[in-house]
Amino acid sequence: MHRRLIAPGALAASLLLAIPASAADFTPGAPGIGDPYYPASGNGGYDVSHYDLRLKYQPKTDLLEGTATINATTTQDLSRFNLDLGLKVSEVRVNGKKASFKKSGEQELEITPAAGLPKGTPITVVVRYAGKPSEVKINGFTAWARTPDGGVAAQEPDSAAWWFPSNDHPLDKATYDISVSVPDGSQAISNGVLQSQSSRLGWTRFNWRSNKPQASYLATLAVGKFDITTDKTADGLPVLNAYSKDLGDNAGAARASIERSTEVAEWLETVFGKYPFNALGGYVPNVTSGFALETQTRPFYSPRQFANGANVSVVVHELAHQWYGDSVSVDGWKDIWINEGFARYSQWLWSEKEGEGTAQELADYVYAQHPTDDPFWKVKPGDPGPENQFDIAVYDRGALALQALRNEIGEKSFSAILKGWPKEHAYGNAKVGDFVKYAEKVSGKPLASLFDTWLYQPVRPAAPAARDAGVAARSAGVSAAPKSWKSIAATNGVHGHGH
């Protein structure tokens with residue numbers, strides 16, 4: 001409400017300065033965070049620092065009941081704000097007071113607090129909700145998979161809206177406490193470190209903590225019956241791997257792959273620098289999907305990733321994401337190359353380490369396999385568009401760009417960039433353009449033209465350019481695939497999420 005002040009000039013001026021913003025000055029937060037690929041993803045007006053999720057899940061009925069407590073700070077004078085959630089809400093409180101709310105669209109929860117919230121105000125939002133996640137459809141699909149003994153939340157670019165309210169975009173990362181109660185005999189697997197476990201009246205509660213900033217799509221939950229292995233790394237980090245008890249013929253190959261996670265992570269530290277999180281591991285639920293996902297500290301793997309035997313290459317891919325994608329996350333989804341180009345290239349480096357084909361040999365082979373008229377070259381890894389975000393070109397052409405960079409600047413500068421980038425941007429977000437500038441700074445060379453050729457031109461780089469980059473010097477005579485190619489190609493659909 002506006003107040004009209006009647007006072008002499010100087011006194012009026014001083015009083016006006018003391019008057020807080022009026023109700024008319026408070027405006028709703030935006031219903032999207034501003035990502036052109038996914039306009040409905042995320043929200044504006046606030047920044048989340050922590051999620052505390054207290055959940056109860058019944059595997060037999062797929063009923064999930066939850067209370068989410070969200071710590072955030074307003075970034076504008078806020079009259080109303082949104083959270084992303086597909087389940088039914090029964091109550092919302094903001095700073096202890098009941099708030100009005102309504103659902104709009106497929107995932108927007110519009111919350112109106114009892115009074116406007118000035119910019120810079122710490123807020124605590126409590127949301128009580130319930131529903132069957134597998135029945136929730138957003139954009140025509142569900143990110144929640146039923147299993148014979150439970151359910152799993154793992155998808156990209158969205159999965160949170162099916163099981164907890166959030167600011168669902170990588171730009172707003174937060175820490176997490178996830179507490180899940182399940183019937184005795186079932187287990188709940190999530191991110192980070194298992195803080196405690198207790199049983200009461202037929203239910204067992206698992207309390208997980210992820211203590212470093214984490215994008216909402218990287219939060220995961222799996223409920224079921226698992227065989228669990230635990231260990232510690234040489235640095236004392238807890239390692240936890242979980243395998244559904246009913247993986248059938250894929251069980252042995254899955255274990256033979258994922259039990260090497262510590263070895264892979266230790267090798268990746270020599271490539272990318274110190275491991276950035278508080279826990280390590282992976283899990284394989286009995287799902288029918290075929291993809292894997294870099295869920296933070298504990299990647300998700302579909303059993304089909306191991307249908308043809310053990311494949312450590314997919315473990316390398318998902319653990320490489322812990323640096324490139326999880327610690328340093330995309331600024332917007334068009335920056336996906338920062339995730340996938342590097343994770344794919346890490347597979348090439350693993351091949352090099354294992355003596356199964358150098359990164360140069362793999363680059364030559366990839367270039368030779370795609371003639372000039374191949375649609376592969378139409379996709380621009382630096383800005384592929386939402387329809388091509390997980391196209392194989394983002395992976396393989398993205399890795400070609402890194403081999404071209406390596407050849408252009410030399411081993412010393414290349415290694416310094418691979419280690420320095422995740423250190424400089426740890427727990428933050430970055431754009432492709434930021435990486436280009438960083439590579440130029442470290443190497444001391446102008447690189448804009450090189451990155452434009454390999455990441456942004458929708459054509460096959462001509463033979464002279466390819467030769468200059470050292471990528472296709474022998475491409476005309478390349479026919480035999482490097483030894484590692486079969487295992488690498490088996491992961492081509494690693495993020496083919498099927499929606």
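Quick caveat, the model's predicted, so the values are computed rather than measured.

## Quick look at the packing of helix α5 (residues 337–354) against helix α7 (residues 392–409)
Between α5 and α7, whose axes approach to 8 Å, the crossing angle comes to 65 degrees. The angle between the axes of α5 and α7 places the two elements in the roughly perpendicular class. As α5 runs across α7, the sense of the crossing is right-handed. Counted together, Trp 337, Glu 340, Gly 341, Phe 342, Arg 344, Tyr 345, Trp 348, Leu 349 and Glu 352 of α5 and Ile 392, Val 394, Tyr 395, Asp 396, Gly 398, Ala 399, Leu 400, Ala 401, Leu 402, Gln 403 and Arg 406 of α7 form the full contact between these two elements.

## Describing the layout of surface pockets
There is about 240 Å³ of room inside the second largest pocket. Along the wall of the second largest pocket there are 13 residues; nearest its centre are Asn 308, Asn 311, Lys 486, Ser 487 and Ala 490. Here the residues of the lining of the second largest pocket sort into four nonpolar, seven polar and two charged.

## With respect to the sheet that holds strand β5 (residues 88–94)
Taken together, the eight strands give an open sheet; going across it, the order is β6-β5-β9-β3-β2-β12-β15-β14, and neighbouring strands pair in mixed fashion. Edge positions in the sheet fall to β6 (97–98) and β14 (193–200), since each of these pairs with one other strand and no more. Pairing of strand β3 (residues 63–74) with strand β9 (residues 122–131) involves ten bridges; the strand directions are antiparallel. Bridge assignment links Glu 65 to a residue of β9, and that residue is Ala 130.

## Some points on helix α9 (residues 432–443)
Compared with an ideal rise of 1.5 Å per residue, which puts twelve residues at 16 Å, α9 spans 17 Å between its outermost C-alpha atoms and is within 8% of the ideal. Residues Val 432, Phe 435, Val 436, Tyr 438, Ala 439 and Ser 443 constitute the buried set of α9. Within α9, the buried residues cover an arc of 165 degrees as seen down the axis, which keeps them to one side. Seen from the buried face of α9, the exposed residues on the opposite side, beyond 90 degrees, are Lys 437 and Lys 441. Elements in contact with the buried residues of α9: α5, α7, α8 (411–424), β23 (429–430) and α10 (448–456).

## Comments concerning the packing of aromatic side chains
Tallied over the entire structure, the rule returns 31 aromatic pairs. Between Phe 272 and Tyr 324, the ring centres sit 4.9 Å apart and the planes meet at 55 degrees, which makes this aromatic pair tilted. Taken together, the positions of Phe 272 in helix α3 (residues 261–272) and Tyr 324 in the loop between α4 (312–320) and β22 (329–330) put the pair 52 residues apart, joining distant regions of the chain. With respect to class, Phe 272 is no different from Tyr 324; both count as buried. With 5.8 Å between their ring centres and 85 degrees between their planes, Tyr 345 and Phe 414 make a pair best called edge-to-face.

## Quick notes on helix α2 (residues 251–258)
Within the sequence span of α2, burial applies to Ala 253, Ala 254, Ser 257 and Ile 258. Each buried residue of α2 lies within a common arc of 115 degrees when the element is viewed along its axis, so the set occupies one face. Against the buried residues of α2 lie β18 (238–244), α3, β19 (280–284), β21 (300–301) and α4.

## Observations concerning the pairing of strand β10 (residues 144–147)
Summarising the sheet, β10 and strand β11 (residues 150–153) pair through four bridges and their orientation is antiparallel. Bridged to Arg 146 within β11 is Gly 151. Hairpin connection from β10 to β11: two residues lie between these consecutive antiparallel strands.

## What to know about the nonpolar core
The nonpolar side chains of soluble globular proteins are, as a tendency, buried together. Counting residues in each nonpolar core, the largest one holds 144 residues, and the members touching the most others are Val 125, Trp 163, Trp 337, Trp 348, Phe 451 and Trp 454. Looking at which element gives the most residues to this core, the answer is α7, with ten residues. Trp 337 has contacts with Phe 342, Pro 381, Val 394, Gly 398, Ala 401, Leu 402, Val 432, Phe 435, Phe 451 and Leu 455, leaving out every residue within four places of it along the chain.

## Focus: the pairing of β5
Bridge count for β5 against β9 is six bridges, and the pairing is antiparallel. By the bridge assignment for β9, Glu 91 is matched with Arg 128. Pairing between β5 and β6: two bridges, direction antiparallel. The residue of β6 that forms the bridge with Arg 93 is Lys 98. The loop that links β5 with its antiparallel partner β6 comprises two residues; one of these, Asn 95, has a positive phi angle of about 50 degrees.

## A word on the pattern of salt bridges
Note that side chains of opposite charge can pair when their charged atoms are close. Evaluation of the coordinates by the stated rule reveals 15 salt bridges. A salt bridge links Arg 128 to Glu 91; the shortest N-O distance between them is 3.0 Å. Pair noted here: Arg 128 is in strand β9 and Glu 91 is in strand β5, with a separation of 37 residues, a long-range link. Looking at Glu 91, the relative accessible area reads 17%, which means it is buried. One salt-bridge network, held together by shared partners, links Glu 91, Arg 93, Lys 98 and Arg 128.

## Topic: the packing of α3 against α5
For the pair α3 and α5, interaxial distance at closest approach is 11 Å and the crossing angle is 105 degrees. The orientation of α3 with respect to α5, classified from their angle, is roughly perpendicular. Only Phe 342, Ser 346, Leu 349, Trp 350 and Lys 353 of α5 make contact with α3, whose side of the interface consists of Glu 263, Val 264, Trp 267, Leu 268, Val 271 and Phe 272. Class assignment of the residues belonging to the contact of α3 with α5 gives a composition of eight nonpolar, one polar and two charged.

## Here's the deal with the environment of Asp 177
Here Asp 177 lies in strand β12 (residues 174–183). You can call Asp 177 buried: its relative accessible area is 14%. Residues Asp 177 and Gln 195, 18 residues apart in the sequence, show an inter-C-alpha distance of 9.4 Å. Asp 177 has contacts with His 50, Tyr 51, Asp 52, Leu 53, Trp 208 and Arg 209, leaving out every residue within four places of it along the chain. Among the polar contacts made by the side chain of Asp 177, one reaches the side chain of His 50 at a distance of 3.1 Å. A polar atom in the side chain of Asp 177 sits 2.7 Å from the side chain of Arg 209.

## Focus: the environment of Val 271
Following the sequence through the fold, Val 271 ends up in helix α3. Look at Val 271 and you get buried, because its relative accessible area is 12%. For Val 271 and Ser 413, which are 142 residues apart along the polypeptide, the C-alpha to C-alpha distance reads 13 Å. Among residues more than four places away in sequence, those in contact with Val 271 are Leu 349, Leu 418 and Lys 419.

The rules we used
Residues numbered from 1 in each chain as written. Predicted model: local features only at pLDDT ≥ 70, side-chain atom pairs only at ≥ 80, totals over all residues. Heavy atoms only, no water. Axes fitted to C-alpha atoms, helices over the stretch in contact; angles between N-to-C directions. Helix = DSSP H or I, 4+ residues; strand = E, 2+ residues; numbered from the N terminus. Parallel < 35°, antiparallel > 145°, perpendicular 65-115°, else oblique. Left-handed = near helix turned anticlockwise from the far one by under 90°. Contact = heavy atoms within 4.5 Å. 1 Å grid on protein atoms, 1.4 Å probe; cavity = no way out; pocket = protein on both sides within 12 Å on 5 of 7 lines; lining within 4 Å. Points joined across faces, edges and corners; volume = space filled by probe spheres on them. Nonpolar A, V, L, I, M, F, W, Y, C, P; charged D, E, K, R; others polar. Pairing = 2+ DSSP bridges. Expected span 1.5 Å × (residues − 1). Buried < 20%, exposed > 50% of the residue type's maximum accessible area, 1.4 Å probe, protein only. Arc of directions from axis to C-beta. Phe/Tyr/Trp six-rings, centres within 6.5 Å; stacked < 30°, edge-to-face > 60°. Core = buried A, V, L, I, M, F, W, Y, C linked by side-chain atoms within 4.5 Å. Salt bridge = Lys/Arg side-chain N within 4 Å of Asp/Glu carboxyl O. Polar contact = N/O pair within 3.5 Å; in protein donor to acceptor, adjacent residues only side chain to side chain.

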